[in-house]
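One letter stands for each residue in the lines below.
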Amino acid sequence: MQQIEAGVMLCQIREQKRVSQKKLSNGICSTRALSRYESGERMPDGLSFHCLMQRVGMNPRDFTVMLSLQEYRYYMWKESVLDAIQKKDWNSVKDSMENEVNLPKGCGGRMQRQFRLYLQSIVEEKLENDGEKAWRLLGEAIGETASDCFRGELAGYWLSIFEIGLLALYYYKGGERNLIHSKEVCSRLKYLIAYTEEIITDKEECAKLVPGMVCALLRICGDQMGIMERLSYEEKAVLLLKESGGLYHLPEVLRLYTADLAGTDEEKERVYGKQYSAFKEVLEDAGYDTDFQPELLFDSSRQFYLLNEYLRSHRIMRGMTQLQISEGICAAETYSRVETGKTVPRPKERKAFFERLNIGFGYFRGELETTDYELFHYLALFKEAARKEEWVKAAGWMERIRDRLDTESINNRQYIGMMENWVAFAAKQIDAEEFYRRDEELLRLSVKEELLEKTELYYFTYIEIVLYSHLANILKIQGRQREGIELLKKMLGKIEKSKADLEYWWWDSMKVPIFNLANMLSDLGDYEESLKYMTDFTQKCFRLFDGEYAAYGIGERALDMEQMHVADKAVCGRLLVQVFYMTDFYNKIGDHNKLKEHYEMYYEAGKEWY
């Protein structure tokens, strides 16, 4: 298997973007440490790697990082704190600070301190009512990794989305409490929005920052701006949210937008006003506050595997003993402690274990396995063409990717083949039976059934999960829903054994298979089980700010409840109306029209939607 060190990938992207080592490492690590990462001499810890990848504008969810059990516990603690902030549960935030999980010395120390200072600022403002101290703590948090960025332009920095978010929050809170003049807040926030669009090239990552900064700008400085300037910023935020499918500060963005549309464009005001009401209602029904939350900063999702579990599952599948895998590397007793998570292997030992098991480590694994940065740009263009159902364009971009990609890698052969099959099926160039045959052949390149049965734990790659989903969907098309259900449940059963099954990257991979599973159960009349999946599904969507899939989940829930008669007609009808406006916002025309037709047939014919 091709071995691409994470540092090599980082170096390649940094050089493509013409960022110096000094700029990239500023406040995170020394230039010497970065140089050692890039040469493959050392592996960065999870926190440092995550921040460095953010700083070059990449989405860290596409990178696999092997975490120790202690690092994993820190990430889970951090996720629970962010969830408490989203729910405005300030006492839980304070309690979490007192029960903070500490990482080993030298593991992203500055990022740990930065996050803690950010939490302290929230507690001081929300529970102690000391706004000035909270503001000073924000300044200290920023200073941990970007000590002099207050002095002027950010020419000396390439900041991560969390660092940019902290800086925006600092200016917003300063303006809100009259600690910074509103003219300075206005110029700073405008500059940060432009800086973000230049640095953060990934649209999904950009959507986590720009809408909130636009809200902050307009709430503090809106009266200093003309109507057309305000509308241009609002439209920028709306477009990003539409394209990303996100919910980041969406109700507030739509509230500000519809207010400025009043008197300038009555038709748009009516459309976006209805959509605003639907999103506000949906979020409040789910128990979330829809008021603007400036302190809610969004971090990037991560794709990671637990090192100890990953080694154990692959060792078992290959029929090796702990003595065999450790021979010549370390003592068998030491390796045993690695598998239980009590010991973290040294980098050379870790690499040797992976080579002995013939499994990859530290490379770009979410989709493409490559260090050719331009291919990621081609991939983004392919996805855009596929989303618009421009199949000829999509096929052209995939052909360009294939021409430059190393197809010796199984990961790459699977991804290219999978996408080519999907485009061919969507363009009606192959039938369902051929689509199934081709995708099953690709899946068997890496997932061997005889090996899979040897261990209860298995870490599927993103590509393997999508291939399973494709196969199940084809079985559904062929009227073989029971087989599709069994296939997806088998995969889910393996994944759910892992401690890391609730992370963001897992949700990115699994949301489509889970939705398909519920849909197939519903088709067979298993409405109760389908509803159980969809209720959990929509809660995760709201927690992870996934508005597009929340709409799918709410629609499916309404249809299941309708069949089970667990809700009266008015409740189901209200849910379908909410979904109508949500799918309209995200331009999901097929789902939008299907639910509209269903509503008008069974609830209210001739309803005036707008």
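Relevant structure appears above.
None of these values were measured; they are calculated from a predicted model.

**Digging into the overall build of the protein chain**
Alright, step 1. The helix and strand tally for the protein chain stands at 31 helices and two strands.
Alright, step 2. Over its C-alpha atoms the protein chain spans a radius of gyration of 25 Å, differing by no more than 12% from the 25 Å that the globule rule assigns to 610 residues.
Alright, step 3. Dimensions along the principal axes, computed over C-alpha positions, put the protein chain at roughly 75 × 60 × 45 Å.
Alright, step 4. Burial analysis of the protein chain (610 residues in total) assigns 58% to the buried set.
Alright, step 5. When contacts within the protein chain are restricted to residue pairs at least 6 apart in sequence, long-range pairs at least 24 apart make up 71% of them.
Alright, step 6. Carbon together with sulfur atoms contributes 46% to the accessible area of the protein chain, which is approximately 25800 Å² in total.
Alright, step 7. Looking at charge distribution, the protein chain has the averaged site of its 84 positive side-chain charges lying 4 Å from that of its 100 negative ones.

**Thoughts on the nonpolar core**
General note: in soluble globular proteins, nonpolar side chains tend to be found buried as a group.
Alright, step 1. One finds Ile-85 and Tyr-118 to be the most contacted residues of the largest nonpolar core, which totals 209 residues.
Alright, step 2. Beyond its immediate sequence surroundings of up to four residues, Tyr-118 is in contact with Ile-85, Ala-141, Phe-162, Leu-166, Leu-169, Glu-295, Leu-296 and Leu-297.

**Quick look at helix 6 (residues 90-98)**
Alright, step 1. For helix 6, every residue scored as buried is listed here: Trp-90, Val-93, Ser-96 and Met-97. Angular distribution of buried residues about the axis of helix 6 spans 115°; they occupy a single face of the element.
Alright, step 2. Packed against the buried residues of helix 6 are helix 5 (69-86) and helix 7 (109-126).

**A look at the packing of helix 9 (residues 161-176) against helix 10 (residues 182-199)**
Alright, step 1. Their axes nearest at 10 Å, the elements helix 9 and helix 10 cross at an angle of 165°. Of the possible angle classes, the one that applies to helix 9 and helix 10 is roughly antiparallel. Judged by the sense of rotation from one axis to the other, the crossing of helix 9 with helix 10 is left-handed. Residues Ile-164, Leu-167, Ala-168, Tyr-171 and Gly-175 of helix 9 pack against Val-185, Arg-188, Leu-189, Leu-192, Tyr-195 and Thr-196 of helix 10.
Alright, step 2. The class makeup of the residues in the contact of helix 9 with helix 10 is eight nonpolar, two polar and one charged.

**Some words on the packing of aromatic side chains**
Alright, step 1. All told, the structure shown has 37 aromatic pairs when counted by the stated rule.
Alright, step 2. Note on Phe-115 and Phe-162: the rings are 6.0 Å apart at their centroids and 45° apart in plane angle, and the pair reads as tilted. Of the two residues, Phe-115 sits in helix 7 while Phe-162 sits in helix 9, which places them 47 residues apart along the sequence. Across this residue pair, the class does not change: Phe-115 and Phe-162 are buried.
Alright, step 3. Taken together, the ring pairs connect Tyr-74, Tyr-75, Trp-77, Phe-115, Tyr-118 and Phe-162 into an aromatic cluster.
Alright, step 4. The ring of Tyr-378 carries the charged tip of Arg-400 above its face, separated from the ring centre by 4.7 Å.
Alright, step 5. Lying over the aromatic face of Trp-609, Lys-607 brings its terminal NZ or CZ to 5.3 Å of the ring centre.

**Quick word on the state of the cysteines**
A covalent bond between the sulfur atoms of two cysteines is referred to as a disulfide.
Alright, step 1. For the structure shown, the criterion picks out zero disulfides.
Alright, step 2. Between Cys-206, a cysteine without a disulfide, and Cys-215, which holds the nearest cysteine sulfur, the sulfur-to-sulfur distance is 14 Å.
Alright, step 3. Lacking any disulfide linkage, Cys-221 is separated from the closest cysteine sulfur, that of Cys-186, by 4.2 Å.
Alright, step 4. Overall, the relative accessible area of 0% leaves Cys-221 in the buried class.

**Things to note about the pattern of salt bridges**
Alright, step 1. Throughout the structure, instances matching the rule amount to 43 salt bridges.
Alright, step 2. Ionic pairing is found between Arg-14 and Glu-15, a salt bridge with its closest N-O pair at 4.0 Å.
Alright, step 3. The partner of Lys-133 in a salt bridge is Glu-124, and the shortest N-O contact between them spans 3.6 Å.
Alright, step 4. Judged by its relative accessible area of 16%, Glu-124 is buried.

**Notes on the environment of Leu-241**
Alright, step 1. In this structure, Leu-241 sits in helix 13 (residues 227-244).
Alright, step 2. Put simply, Leu-241 and Asn-178 are 63 residues apart on the chain and 30 Å apart in space, counted from C-alpha to C-alpha.
Alright, step 3. In this structure, Leu-241 is in contact with Ala-207, Pro-211, Gly-246, Leu-247, Tyr-248, Leu-250, Val-253, Phe-585 and Tyr-586, ignoring residues within four places of it in sequence.

**Looking at the environment of Pro-211**
Alright, step 1. With respect to the secondary-structure elements, Pro-211 resides in helix 12 (residues 210-221).
Alright, step 2. Given a relative accessible area of 0%, Pro-211 falls into the buried group.
Alright, step 3. In sequence terms Pro-211 and Leu-247 are 36 residues apart; their C-alpha atoms lie 9.6 Å from each other.
Alright, step 4. Leaving out residues up to four positions away in the same chain, Pro-211 has contacts with Cys-206, Ala-237, Leu-241, Tyr-248 and Val-253.

**Some thoughts on the packing of helix 12 against helix 13**
Alright, step 1. Axis separation between helix 12 and helix 13 bottoms out at 9 Å; the angle between their running directions is 155°. Between helix 12 and helix 13, the angle falls in the class roughly antiparallel. Seen from above, helix 12 lies across helix 13 with left-handed handedness. Packed against helix 12, whose contacting residues are Val-210, Pro-211, Val-214, Leu-217 and Leu-218, the element helix 13 presents Arg-230, Tyr-233, Glu-234, Lys-236, Ala-237, Leu-240 and Leu-241 at the interface.
Alright, step 2. For the contact of helix 12 with helix 13, a count of residues per class yields nine nonpolar, no polar and three charged.

Reading guide: rules and limits
- Residues numbered from 1 in each chain as written.
- Predicted model: local features only at pLDDT ≥ 70, side-chain atom pairs only at ≥ 80, totals over all residues.
- Heavy atoms only, no water.
- Helix = DSSP H or I, 4+ residues; strand = E, 2+ residues; numbered from the N terminus.
- Rg over C-alpha atoms; globule rule 2.2 N^0.38 Å.
- Buried < 20%, exposed > 50% of the residue type's maximum accessible area, 1.4 Å probe, protein only.
- Contact = heavy atoms within 4.5 Å.
- Areas by Shrake-Rupley, 256 points an atom, 1.4 Å probe, with all protein chains shown as cover.
- Lys, Arg positive; Asp, Glu negative; His and termini not counted.
- Charge placed at Lys NZ, Arg CZ, Asp CG, Glu CD.
- Core = buried A, V, L, I, M, F, W, Y, C linked by side-chain atoms within 4.5 Å.
- Arc of directions from axis to C-beta.
- Axes fitted to C-alpha atoms, helices over the stretch in contact; angles between N-to-C directions.
- Parallel < 35°, antiparallel > 145°, perpendicular 65-115°, else oblique.
- Left-handed = near helix turned anticlockwise from the far one by under 90°.
- Nonpolar A, V, L, I, M, F, W, Y, C, P; charged D, E, K, R; others polar.
- Phe/Tyr/Trp six-rings, centres within 6.5 Å; stacked < 30°, edge-to-face > 60°.
- Lys NZ or Arg CZ within 6 Å of the ring centre and 35° of its normal.
- Disulfide = S-S within 2.5 Å.
- Salt bridge = Lys/Arg side-chain N within 4 Å of Asp/Glu carboxyl O.

All quantities given are derived from atomic positions and should not be read as evidence of function.
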